[in-house]
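Fold and geometry: a report
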Amino acid sequence: MHFDVVHAADPRFHGGTSSALRAELKAAKLWGLSCGLLPFLGHQQSPVGVFENRLAAVIDQSNTVWLTGSEEATCDILLAHHPAVFERMPRSPVRLRPRRVVCVVHHPLFDGQRIQQYELAVVERVLDRLFGVPVTFAPVGPKVRSQFEGLGTRGPTLLRHDLWNMVDLAEWPQHQRDAPKDRVNLGRHTRENPLKWPDCVDDLRAAYPERDDFSIKVLGGVPDALRNWIGSNWEILAFSENDVPDFLRRLDFYVYFHSRHWVEAFGICVAEAMASGLVTVLDPSFESLFEDGAAYCNVAETGNVIERFIGSPSAYVQQSNAARELVRRKFAIDGYPQRMARLYDDLELPTAPVLKRSQATGSPYSERNTAEDTPVRLPPRRIGPRRRVLFVATNGVGLGHITRLMAIAERLSDDVDPIFFTRSAGAALVFARGHAVDYIPCGLAMGVTDESWNRAYAQELLSAVEAFDVSAVVFDGNRPFPGLIAVAESRRDVSWIWIRRALWRVDHEFSPDSQDVFDMVIEPGEFAHDEDHGPTRDLPGAVAVPPLLLLEPGAGLPRSEAAAKLGVNSDRFTVAVQLGSQRNFDFAGLPELLLARLARRDIQTVQILNPLARPSDDGGSVVPRRSLYPLTDCFSAIDLLVTNAGYNSFHESVFGGIPSIFVPNEAPEMDDQHLRAVYAQSAGLGLCLRYSELNRVETILDLALSDDFRAEVRRRSARLSFVNGAAIAAKLIEQLVFSIRADRPLHASIART
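Residues numbered from 1 in each chain as written. Predicted model: local features only at pLDDT ≥ 70, side-chain atom pairs only at ≥ 80, totals over all residues. Heavy atoms only, no water.

With respect to the overall build of the protein chain
If you tally the helices and strands in the protein chain, you get 23 helices and 29 strands. With the C-alpha coordinates of the protein chain rotated into their principal frame, the extents come out at 90 × 65 × 50 Å. Within the protein chain, the proportion of its 753 residues that are buried is 57%. In the protein chain, once contacts between residues fewer than 6 apart in sequence are set aside, the share between residues at least 24 apart is 74%. Accessible surface for the protein chain amounts to roughly 31,200 Å². Of this, 49% is attributable to carbon and sulfur atoms. (Helix = DSSP H or I, 4+ residues; strand = E, 2+ residues; numbered from the N terminus. Buried < 20%, exposed > 50% of the residue type's maximum accessible area, 1.4 Å probe, protein only. Contact = heavy atoms within 4.5 Å. Areas by Shrake-Rupley, 256 points an atom, 1.4 Å probe, with all protein chains shown as cover.)

Some words on unusual backbone geometry
It is generally the case that most residues other than glycine have a negative phi and that most peptide bonds are trans. Of note, the amide linkage connecting Tyr629 to Pro630 takes the cis form, showing an omega dihedral of -5 degrees. Residue placement: Pro630 occurs in the loop between strand S25 (625-627) and strand S26 (640-643). Phi angles above zero are rare outside glycine, and Asp469 is one such case at about 50 degrees. Along the chain, the position of Asp469 falls in the loop between helix H15 (450-468) and strand S19 (472-476). In this model, Leu503 sits at a positive phi of 60 degrees, which is unusual for a non-glycine residue. Take Leu503: it is sitting in the loop between strand S20 (495-499) and strand S21 (520-524). Exposure remark for Leu503: the relative accessible area of 1% places this residue in the buried category.

Quick notes on the sheet that holds strand S10 (residues 253-256)
The six strands are arranged S9-S8-S7-S10-S11-S12 in an open sheet whose pairing can be described as parallel. This sheet does not close on itself; its edge strands, each paired only once, are strand S9 (234-237) and strand S12 (295-296). Sheet topology places S10 next to strand S11 (residues 279-282); four bridges connect them, and they run parallel. Within the sheet, the bridge partner assigned to Phe253 lies in S11 and is Val279. Most of the contacts of helix H7 (residues 268-275) go to S10, to which it runs at about 170 degrees, and overall it touches strand S7 (184-189), S10 and S11. (Pairing = 2+ DSSP bridges. Axes fitted to C-alpha atoms, helices over the stretch in contact; angles between N-to-C directions.)

Some remarks on the sheet that holds strand S28 (residues 687-688)
Here six strands make up an open sheet; going across it, the order is S25-S24-S23-S26-S27-S28 and the pairing parallel. In this open sheet, the two strands that pair with only one neighbour each are S25 and S28. One ladder, built from two bridges, connects strand S27 (residues 660-662) with S28; its direction is parallel. The residue bridging Ile661 from the neighbouring strand is Leu687, located in S28.

Considerations on the environment of Gln515
Along the chain, the position of Gln515 falls in the loop between S20 and S21. Taking C-alpha positions, Gln515 is 28 Å from Pro223, a pair spaced 292 residues apart along the chain. With sequence-adjacent residues up to four places away left out, Gln515 is seen in contact with Trp498, Arg500, Phe510, Val521, Leu539 and Pro540.

Overview of the side chain of His401
With respect to the helices and strands, His401 occurs in helix H12 (residues 400-409). Given a relative accessible area of 11%, His401 falls into the buried group. Of the polar contacts made by the side chain of His401, one reaches the side chain of Arg404; its length is 3.2 Å. Only 2.6 Å separates the side chain of His401 from the side chain of Asp476, close enough to count as a polar contact. (Polar contact = N/O pair within 3.5 Å; in protein donor to acceptor, adjacent residues only side chain to side chain.)

Points about the pairing of S7
The element S7 is extensively covered by neighbouring structure, given that six of its six residues are classed as buried. Neither face of S7 is open: one carries Val184, Leu186 and Arg188, the other Asn185, Gly187 and His189, and all of them are buried. Note that S7 and strand S8 (residues 214-219) share six bridges and pair parallel. Pairing of Leu186 across the sheet is with Ile216, part of S8. The pairing of S7 with S10 spans two bridges and is classified as parallel. For Gly187, the partnering residue across the bridge sits in S10 and is Tyr254.

Side note on the packing of aromatic side chains
One pass over the structure, following the stated rule, counts 30 aromatic pairs. Relative to Tyr457, the ring of Trp453 has its centre 4.7 Å away and its plane inclined at 25 degrees; by these criteria the two rings are stacked. Of this pair, Trp453 and Tyr457 both sit in helix H15, four residues apart, which is roughly one turn of the helix. Tyr457 shares its class with Trp453; the two are buried. Look at Trp504 and Phe510: their rings are 5.1 Å apart centre to centre, the planes differ by 85 degrees, and that puts the pair in the edge-to-face class. The pair formed by Trp504 and Phe510 is uniform in burial state, with each residue classed as buried. (Phe/Tyr/Trp six-rings, centres within 6.5 Å; stacked < 30°, edge-to-face > 60°.)

In structure tokens, the structure reads:
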């Protein structure tokens, strides 16, 4: 397997490095270059984090081959993006063999105070020893080159030409800009990092004057330390990648000055502004890179420069055109063939690939399908051995933990083998859905102490990790067991992920240290999130995904088949009563009262038994009983559902549009099901009936069985948009599993058993 170019990069970076890599992959696709990607998680970050959104979309939708380092492959050039990513050796060897290695320097060696940003000699040694060939360094702009050349004989080998960041002009549609006549809109888009902003109030006010005829617009936020300096004419918007083109279109001038303590290696935000045709005002230090594409001045002169352009509309239009022309001539991906030919020549490689522009029309990289307005995802082309992931579920009192894990496991790509390791009595249900499963009884069932059970559990879990040779362990549970933590601490060569649901009770105790052992914490979306004030609400580091469902809403059986499975007449109104396993909470006669009151009405009722419920005598009940999992298969035959407000049942009902009475399990150790049920009632998507409200049963049933209530629930549910977070969680797990890990020192990342 041979590639023209392979990009070794950390796809979690935001800002210029991510934008540069995204443009590289798009250009390779556009010009037919054989291209591979080696995701390399290098810089320290805890939890590990996820790929940058726009870059992840391009990876998925391009023909780039996702390499994992275990493949025997060669390439002409390996481009190693950002030196700080390669300061540590990975915990597993990389079998890729390039002819040349180029470290693309997206970050300066020194900041504005001459403080060194990374160990250059270490970076060079790591890349040299990892790939077995000498390393050449490629500055992305003249400021970085000047720093490297200042090292003299101590400096590394430099590429003859800078490897500038590229810009896809298709992302920045051209439109005619005219000089503003009345109010002037000037601004910028950038991170909140204070180093990206002027150092003092005088410089900030000079760059962005507080004048009645000026509107200052900022996309991306302002550092807290600067907020007391800003004028009354500022408008600050939260950053969103998709909003950048529209934001820049609404500006007249782009003004960018940063701290004297910062050195801008390239300035992708500036290039994007120029690509949109904005008249751009910069510090003179940028002139050697952006040439006649911008206007240059000291920060104190900003207002005067803007006034001159306002007073000369022709000069304004000329400068606007010059900005876009500079990007087209110097940075556009249309110049990719010349760029690659120059790179091959600089590296003294004999033959550069012959590149031909793709004849496909339109952009294959759009993040959304405009016809259906739904995300488009092509499976990543991975070559190499399959990965095994161990899904570890606590038992709980129901099936929530194991159901969420199955929802994720069943959406993994074909090159991942899920294996379940659980102490849940629902293990048989996992096996019935076609999954490999290993069942470990809980301590209570075995009659042993927690301490002795955790010792045995740790040994069993460690044996499973070793026997199955897993790449990751995914745990779903409220609290990690001591035995699980012990194994995680000893097997740092394995990735550890925690699926931790939200809506903890306010009085529950939670130690943030409990997530330190995990590389990633994924929080399934909660419909009642706005009212979540529990201890996990504002914890940093968790990755939020939309709600997780095992089955997509509306994906169940047709009504006739569902009715047959329920054992009811499909032509009659049907109420299903499902109140969970009731293993830790006594509903105090409420189920019996509900069934009795329903029996008096001209409807048919079926009682759904939880597979984990304790066996009990039906007491001669005439209500048929069925043990079904998952019940969502039969939603089409259910006209009213009486269910608990656990995570799965609640979200299945709300997004499935099933009129429901939610009866919360209020055991002290449970999540806040009462809050969830009340929220649904306030939102017109269900009714709340507590176990103690026996006197309200008749009234609640009258309301729930009314045509108006059920029609309104279905109307409101139809307005909800739904994206299954299970697919997104599966993708995040794969990102971690198929990436090379060098995010911690080698001594701390190898197995210690």
